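Spelled out, the chains give:
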Amino acid sequence: DVVGIVNMAADFSPAMDDREAGGLHTRFANWMADLPSNLHTAPLKDLAIPGTHDSFSFYLDKTSDIDPGEPPEIKAAVMIMGQAGKDLVYRWSVTQDICFMEQLNDGVRYFDFRVAGRKSDSSLYFVHGLYGSKVEKALIEIAQYLNTHPKEVVLLDFNHFYSMVDFHHERLIAILKEMFGPKLCPRMDPADVTLATLWERGQQVIVFYHNSVADRHINLWTGEAVVAPWANTPEIPKLVEFLNTEVRVETKFYVSQAVLTPTAGTILSNLNGSLKEVLATPAMPHILKWLNGRRPGSGAQGVNIVIADFVDLAEFLPAVVNLNYKETL
C-alpha cells in the first residue's frame, strides 16, 4: 500500500531512521505538531529547535557586487582579482545547499537573515559575501509552507542590515506584514510563548528585528529577545569548548551557533577550497557528539535553538529535533 507507506514516513517517529523512512524528506515536515502533548505548553524557548546559519546562502549571485558588509580588504582583493575573486568569495560564503522549502520539510524552524539595499534598484536582498535573492521572493516560500502546515512555527532572525536607511526598513517591515499578516506573533514575555498559545491564536511567525525601528511595531520582537553568542573560530576544539562552556540566558530565546568561521589565513591556505569542504564537513561529527550530551530547556546542558552550516550533512536536523524526546521538561 503505497499511500500507507508514504503516510507512515511522513509521520514523525523519533525512533525511525532514514532506511525506515524510505529516504523521504517529509519526515520532519510537521515535527512541532507531532510533539507529545506535554510539550505543547512548554515555552518555545525551552524546546530544541534546529536552525540554519545564513539560511538563504544556497543562492548567491556570483556576478553580483560584493556585499556592503564585507571588510575593505575583501573588496580590494576582488577589484584586483575580478571574477576569480568573486568565485573565491562565493565558495567561502555559501553555508547551505538546500532551499527554504527543503529546509522546512527537513525540520528547520529558525532562519538567520542578513539584508542589504542596493544602489542599482530599490529592492532588498539577502546577502552573505555576495548578493542573493530578493527578500520578498524568498519569503514567499516560507509563507506558502506555513499555509499548508498550520501547526508549524518559524523564527525569522533579521540580525544584520547593510546600506539600509529608514525607508528600506519600513519597506522590509511592510513586506513582512504583507507576507505573514495575522500569523505574526506580537512581542511578549518569551516564557508565555508556547505552541498551544500560538495554535489557539493562529500565529506561526516570530520575527526578531535587530534595529531600533522595530520598537514602533508591536508585531516585531527586538534583538534583545534573542541571544546568539558566536565562537568566531576556524578551529574545532575551540568551537566545542565554546559550546560546552556557554552559559545560557534562561529568560530569552537562545541560539547555539555550531559554526566555524574562516579567517583570512584559512582562506589563503585553501584558495581552491570551500567553507563546506574545509570547515563544515570536518566539524559535523564533533557537533553531533556535542549535541548528544544536550537536552532542551535551561540549566546545565540546556539548549534552545541550534544552528549549523550545511544542515543536510549527516543527521544534524534529526539530532536536534530528537532532543525533545530525551526527557520530559
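Counting restarts for each chain, with residues numbered from 1 along the sequence as it is written. Note on the predicted model: pLDDT of at least 70 is required for a residue's local features to be given, and 80 or more for side-chain atom pairs to be given and counted; whole-chain, interface and lining totals, by contrast, use all residues. With hydrogens and water set aside, each side-chain value is computed from the structure's full complement of heavy atoms.

Chemist: Even after reading the chapter, I still don't get the overall build of the protein chain, so can you show me in this structure?
Modeler: Looking only at helices and strands, one finds 11 helices and 12 strands in the protein chain. For the radius of gyration, the atom set is restricted to C-alpha positions; the globular benchmark scales as 2.2 Å times the number of residues to the power 0.38. Rg of the C-alpha trace for the protein chain: 20 Å, near the compact-globule value of 20 Å for 329 residues, within the 12% margin. For the C-alpha atoms alone, the extent of the protein chain along its principal axes is close to 60 × 45 × 45 Å. Throughout this description, buried means an accessible area under 20% of the type-specific maximum (1.4 Å probe, protein chains only), exposed means over 50%, and partly exposed covers the range between. Residues classed as buried in the protein chain amount to 52% of the 329 residues present. A fraction of 74% describes how many contacts in the protein chain between residues 6 or more apart in sequence connect residues 24 or more apart. Accessibility throughout is a Shrake-Rupley quantity obtained with a 1.4 Å probe, and a residue counts as covered only by protein chains that appear here. Accessible area for the protein chain stands at about 14100 Å²; split by element, carbon and sulfur atoms hold 55% of it. Charge assignment: positive for Lys and Arg, negative for Asp and Glu; neither His nor the chain ends contribute. In plain terms, the charge of a residue is placed at NZ if it is Lys, CZ if Arg, CG if Asp and CD if Glu. Across the protein chain, 28 positive and 40 negative side-chain charges occur, with their mean positions spaced 3 Å apart. Secondary structure elements are taken from DSSP: a helix is a run of H or I of four residues or more, a strand is a run of E of two residues or more, and numbering for both begins at the N terminus. Contacts are residue-level and defined by heavy atoms, with any inter-residue pair within 4.5 Å sufficient.

Chemist: It is not clear to me how helix α10 (residues 275-292) should be interpreted in this structure. Could you clarify?
Modeler: Because each turn of an α-helix spans 3.6 residues, side chains separated by three or four positions in sequence point in the same direction. The span you would expect from a helix comes to 1.5 Å times its residue count less one. An ideal rise of 1.5 Å per residue puts 26 Å on 18 residues; α10 measures up with 24 Å between its terminal C-alpha atoms. By definition, a residue's bend is the angle between the axes fitted to the seven residues ending there and the seven starting there. Residue Met-284 marks the point of greatest curvature in α10, where the axis turns by about 40 degrees; the proline Pro-285 follows within four residues. Buried within α10 we find Leu-275, Leu-279, Ala-280, Ala-283, Met-284, Ile-287, Trp-290 and Leu-291.

Chemist: What is the right way to look at the pairing of strand β6 (residues 205-209) in this model?
Modeler: Look at any regular strand and the pattern is simple: side chains alternate between the two faces of the sheet. The element β6 is extensively covered by neighbouring structure, given that five of its five residues are classed as buried. Residue alternation in β6 divides its side chains into two sets, Val-205, Val-207 and Tyr-209 and Ile-206 and Phe-208, and both sets are buried. As defined by bridge partners, strand β5 (residues 154-162) adjoins β6 across five bridges and the pair is classed as parallel. The residue bridging Val-154 from the neighbouring strand is Val-205, located in β6. Here a strand pair is declared whenever DSSP counts at least two bridges between the two strands.

Chemist: Just checking my understanding: could you explain the packing of helix α2 (residues 72-81) against helix α3 (residues 83-93) for this structure?
Modeler: Helix packing geometry: the angle between the two helix axes and the distance between the axes. Interhelical geometry of α2 versus α3 gives an angle of 135 degrees and a closest axis separation of 6 Å. On the basis of the axis angle, α2 is oblique to α3. Contacts from Ile-74, Val-78 and Met-81 of α2 reach α3 at Gln-83, Ala-84, Gly-85, Lys-86, Leu-88 and Val-89. Grouping the amino acids of the contact of α2 with α3 by side-chain chemistry returns six nonpolar, two polar and one charged. Helix axes are fitted to C-alpha atoms over the stretch in contact, other axes to C-alpha atoms as well, and angles between N-to-C directions run from 0 to 180 degrees. Oblique is the label for any angle not under 35 degrees, not over 145, and not in the 65 to 115 range, which are roughly parallel, roughly antiparallel and roughly perpendicular in turn. Following the grouping adopted for this structure description, the nonpolar residues are Ala, Val, Leu, Ile, Met, Phe, Trp, Tyr, Cys and Pro, the charged ones are Asp, Glu, Lys and Arg, and the polar ones are all others, Gly among them.

Chemist: Even after reading the chapter, I still don't get the environment of Val-135, so can you show me in this structure?
Modeler: Its place among the elements puts Val-135 in helix α5 (residues 135-148). Looking at Val-135, the relative accessible area reads 0%, which means it is buried. In this structure, the C-alpha to C-alpha distance between Val-135 and Asn-292, residues 157 residues apart in sequence, is 35 Å. Ignoring anything within four residues of it in the chain, the contact list for Val-135 reads Val-115, Leu-124, Tyr-125, Phe-126 and Leu-172.

These figures come from the coordinates and say nothing about function on their own.
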